[in-house]
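Chain by chain, the residues run as shown.
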Amino acid sequence: MIPNDSSFRLNASGVPKPTGLYDPKNDHDSCGVGFIARIDGVSRHVVVEQGIRILVNLEHRGALGGDKSTGDGAGLLLEIPDTFFRQVCPGDGLYLPPRGEYAAGMLFLPMDEALAERCSGTLERIAAAEGCPVLGWREVPVDPSILGDLSGSTRPRIRQVFLGRGTHEGDAFERKLYVIRRLAEKKVASWHDVDASQFYISSLSSRTIVYKGLLTGSQLPLFYPDLKNEHFMSPYAVVHQRYSTNTLPTWHLAHPFRLAAHNGEINTLRGNINRMRAREANLASPLFGNDIAKLRPVINEAGSDSAIFDNVLELLVMSGRSLPHAVMMMIPEAWGPKFQMSEDKRSFYEYHSTIMEPWDGPAAMVFCDGRYLGATLDRNGLRPARYTVTRDGMIVLASETGVMDFPPDRIVRGGRLTVALASWVLLSVAVAADFEYRAAGITNRVGVEVNSVLHWAEADANGQPQFPRAAGMTIAWRDQAGVVSATLRNEGPAPIKLGRFILAQAEAVPGEVALVMSGWQMPNTVQPTAGKK
């Protein structure tokens, strides 16, 4: 409950200024989190509906305000709904280029129309200067009648912006969008003559989009009618229902963030922030070049512990690391000498401990960048996360089991995450995978190239990649010169293994999938010994 005290002042977004013993920097939260995904990677509207159903079933893990109708926050992270946008955007005079050649941004803007236009104009000018011109805007339809008093009083204007890729492609486009967002955020934050605190970019990407707000799970599809449109499709949905334990809830602090959704706390936060500040002056990346200066400061300290974690994770991923790699840097296992693990994996953690300190919870984290979808626990292992894989190619993970009802004969396998087991869906390969020790495929690794996306597999004692012979899959080994040295095809639908990975039933992968194995690739490090344990 917000104190009735004139000294306790809220800005337009509902965030109070530090007063007495209260400081927003100490805010934490504990929530319901999870994801659902199709293993075959095919977009369907039913996945969005099922994501909403999980949110509703996790409402008891969220919270309500004193008005009994303001949620602490709920949201979905989804794939860009290209089919949906092509249906609705022409009505606004906007015609989009092919998928992947444009980005969509979800923006919270001030309710004051003049200030909203000032924010929008600033973003347009920055995007144009960075070579990604704004193609157009869309007013997101909403139903504010379902909001509670608090959420209604701090509700922002919500618009979508569409940017062209210019000369940027793939990951370079995502990096440029990251730069554009940071420049816009810093520019608006520098305005001291107005209260533009409602300005917030929930997502800006060519791959993913975030629908969230100061809502409950059941309110989300009512507030955003887009989510009920049958053309709004996605192969996955990251879900989050927020419970703000000692945090005043606001629209922009609802999850998911751009990459992560979080259940728990980051109790090493002050040390993490201080060390990131200290290393910022030395940040450098050949991928960013001179743009690296435009990102500083990397952390927005006005955010929650989860938002700040997301800030740093985004930097690591945009700098060229895979999402699993970046997650393992920030949330390592306990890897001291008394813990049994391979020398390669221990070396991985030891090396990266000189670059990044652990962000310790207790925490359960779910991540998605449109290429990888996964979840893990921190090394304390004190937050629940259970998963289920079905015969018809679905994987569901959540803070508890039972968020989706499946007949027993439909379930292939299920279990819980532990400190040494993370669940990942490799979206670009369209198979579900569990990293049994989370470092497999990252330390002693062989490149696995699928549809021009490089993944990692462990090698056997002869240096051969241990990739599954899955039903309906043709596997090709290719040497460094690009010459195919062998091919295999397997027809059996049995469960399949890849080094320390366990993959879902092969029968869930339809058709023929070509997999190309490259040779050893360990950039900027000494080549490992094949099969070393």
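One numbering rule holds for all chains: residues counted from 1, following each sequence as written. In keeping with the model being predicted, local features are shown solely for residues with a pLDDT of at least 70 and side-chain atom pairs are shown and tallied solely at 80 or more, while totals for entire chains, interfaces and linings include all residues. Side-chain calculation: all heavy atoms of the structure are included, whereas hydrogens and water are not.

Chemist: I would appreciate a short explanation of the overall build of the protein chain in the present structure.
Modeler: When its secondary structure is counted, the protein chain shows 11 helices and 23 strands. Whether a residue is buried, partly exposed or exposed follows from its accessible area with a 1.4 Å probe, protein chains only, as a fraction of its type maximum: under 20%, in between, or over 50%, in that order. Residue burial in the protein chain is summarised as follows: out of 533 residues, 58% are buried. Any two residues whose heavy atoms approach within 4.5 Å are treated as being in contact. Relative to all contacts within the protein chain whose residues are 6 or more apart in sequence, the contacts with residues 24 or more apart total 72%. Secondary structure elements follow DSSP: runs of H or I no shorter than four residues count as helices, runs of E no shorter than two count as strands, and numbering proceeds from the N terminus.

Chemist: How should I be thinking about the pattern of salt bridges in this particular structure?
Modeler: Any two side chains of opposite charge can pair, given that their charged atoms come close. Counted as salt bridges are all cases of a side-chain nitrogen of Lys or Arg within 4 Å of a carboxyl oxygen of Asp or Glu. This structure, assessed with the given rule, holds 23 salt bridges. Residue Arg 159 is joined to Glu 117 by a salt bridge in which the shortest nitrogen-to-oxygen separation is 3.7 Å. Taken together, the positions of Arg 159 in strand S5 (residues 157-164) and Glu 117 in helix H3 (residues 113-129) put the pair 42 residues apart, joining distant regions of the chain. A relative accessible area of 47% means that Glu 117 is categorised as partly exposed. Across the pair Asp 291 and Lys 294 runs a salt bridge, and its minimum N-O distance is 2.9 Å. The exposure class of Lys 294 is partly exposed, given its relative accessible area of 25%.

Chemist: Any chance you could explain the nonpolar core here in plain terms?
Modeler: Among soluble globular proteins, nonpolar side chains are generally buried collectively. Note on terminology: a nonpolar core comprises buried Ala, Val, Leu, Ile, Met, Phe, Trp, Tyr and Cys residues joined through side-chain atoms within 4.5 Å. Counting residues in each nonpolar core, the largest one holds 46 residues, and the members touching the most others are Phe 85, Tyr 224 and Leu 227. With 5 residues, helix H1 (residues 45-57) is the single largest residue contributor to this core. With near-sequence residues (within four places) excluded, Phe 85 lies in contact with Ile 80, Pro 90, Leu 96, Tyr 102, Ala 104, Arg 138, Gln 160, Phe 162 and Ile 209. The next biggest cluster of nonpolar side chains, apart from the first, holds 33 residues, and it includes Leu 283, Ile 308, Leu 315 and Met 365.

Chemist: I'm lost on the packing of aromatic side chains in this one. Help?
Modeler: What describes a pair of aromatic rings is the distance from one ring centre to the other and the angle between the planes of the rings. When two rings of Phe, Tyr or Trp (its six-membered ring) have centres within 6.5 Å they constitute a pair, described as stacked for plane angles under 30 degrees, edge-to-face for angles over 60, and tilted for the intermediate range. Applying the stated rule across the entire model yields 14 aromatic pairs. Plain terms: the ring middles of Phe 84 and Phe 85 are 5.8 Å apart, the flat faces sit at 50° to each other, and that makes the pair tilted. Each of the two residues, Phe 84 as well as Phe 85, counts as buried. Assessed through its relative accessible area of 1%, Phe 84 is described here as buried. Members of the aromatic cluster, each reached through a chain of ring pairs, are Phe 84, Phe 85, Tyr 102, Phe 108, Phe 162, Tyr 200, Tyr 211, Phe 223, Tyr 224, Phe 232 and Trp 251. Look at NZ for Lys and CZ for Arg. If either is within 6 Å of the ring centre and within 35 degrees of the ring normal, a charge sits over the ring. Positioned above the aromatic ring of Trp 191 is the side chain of Arg 118, whose terminal nitrogen or guanidinium carbon lies 3.9 Å from the ring centre.

Chemist: It is not clear to me how the sheet that holds S5 should be interpreted in this structure. Could you clarify?
Modeler: Within a sheet, adjacent strands bond to each other through the backbone by hydrogen bonds, running parallel or antiparallel. The pairing criterion is simple: DSSP has to find at least two bridges between the two strands. Strand order in the open sheet formed by 4 strands is S4-S5-S3-S6, with antiparallel pairing between adjacent strands. The open sheet has two edge strands with one neighbour each: strand S4 (134-139) and strand S6 (200-205). Ignoring which end each strand starts from, the neighbouring axes of this sheet average 15° apart. Bridge count for strand S3 (residues 102-109) against S5 is 8 bridges, and the pairing is antiparallel. Residue pairing for S5: Ala 104 is matched across the bridge by Phe 162. Axes here mean lines fitted to C-alpha atoms, for a helix over just the part in contact, with angles spanning 0 to 180 degrees between N-to-C directions. In the packing of H3 onto the sheet, contacts are made with S3, S4 and S5, and the angle to S5 comes to roughly 15°. Against the sheet, helix H5 (residues 170-189) touches S3, S5 and S6, its axis set at about 165° to S6.

Chemist: Looking at this structure, I do not really get the sheet that holds strand S13 (residues 394-398). What am I missing?
Modeler: Spatial strand order, S7-S2-S8-S1-S13-S12-S14: 7 strands in an open sheet with antiparallel pairing. Two strands lie at the open edges of the sheet, namely strand S7 (208-213) and strand S14 (411-416), each paired on one side alone. For this sheet, the mean inter-axis angle between neighbouring strands, taken without regard to orientation, is 10°. In this structure, strand S1 (residues 32-38) lies alongside S13, joined through 5 bridges in antiparallel fashion. Each bridged residue has a counterpart across the sheet, and for Gly 34 the counterpart in S13 is Ala 398. Along the sheet, H1 contacts S1, strand S2 (74-79), strand S8 (236-241) and S13; its crossing angle with S8, the most-contacted strand, is approximately 20°.

Chemist: Quick question: what am I supposed to make of the pairing of strand S11 (residues 372-377) here?
Modeler: In summary, the side chains of a regular strand alternate between the two faces of the sheet. Of all 6 residues making up S11, 6 are buried, and the element is well covered by its neighbours. Neither face of S11 is exposed, since Tyr 372, Gly 374 and Thr 376 on one face and Leu 373, Ala 375 and Leu 377 on the opposite face are all buried. As paired elements, strand S10 (residues 363-368) and S11 share 5 bridges and run antiparallel to each other. Of the residues in S11, the one forming a bridge with Cys 368 is Leu 373. In this structure, the hairpin formed by S10 and S11 is closed by a connection of 3 residues, where Gly 370 is found at a positive phi of approximately 90°.

Chemist: For this particular structure, what's the right way to read the environment of Ile 411?
Modeler: Turning to its location among the elements, Ile 411 is positioned in strand S14. The class for Ile 411 is partly exposed, based on a relative accessible area of 30%. Here the alpha-carbon distance between Ile 411 and Ile 395, two residues 16 residues apart in the chain, equals 9.7 Å. When neighbours within four sequence positions are excluded, Ile 411 is seen to be in contact with Thr 388, Val 389, Thr 390, Arg 391 and Phe 406.

Chemist: Just to check I follow, could you spell out the side chain of His 255 for this structure?
Modeler: Positionally, His 255 belongs in the loop between S8 and strand S9 (260-264). A relative accessible area of 0% places His 255 in the buried class. The definition of a polar contact used here is a pair of N or O atoms within 3.5 Å, where within protein one atom must be able to donate a hydrogen and the other to accept one, and adjacent residues in sequence count solely through side-chain atom pairs. Of note is the side chain of His 255, whose polar atom sits 3.3 Å from the backbone nitrogen of His 262.

Chemist: What should I look at first to understand the packing of H3 against H5 in this one?
Modeler: A pair of packed helices is characterised by two quantities: the angle between their axes and the separation of those axes. Here H3 crosses H5 at 140°, and the two axes come no closer than 9 Å. With respect to H5, the axis of H3 lies oblique. Like other packed secondary-structure pairs, H3 and H5 cross with a definite hand, here right-handed. Between H3, through Cys 119, Thr 122, Leu 123, Ile 126 and Ala 127, and H5, the contact on the second element is made entirely by Ile 180, Leu 183, Ala 184, Lys 187 and Val 188. Three classes are used, and their members are as follows: Ala, Val, Leu, Ile, Met, Phe, Trp, Tyr, Cys and Pro are nonpolar, Asp, Glu, Lys and Arg are charged, and the others, Gly among them, are polar. For the contact of H3 with H5, the residue count by class is 8 nonpolar, 1 polar and 1 charged. In this scheme, roughly parallel covers angles under 35 degrees and roughly antiparallel covers those over 145, while 65 to 115 is roughly perpendicular and the rest are oblique. Two helices crossing with the near one rotated counterclockwise from the far one by less than a right angle form a left-handed crossing, whereas a clockwise rotation gives a right-handed crossing.

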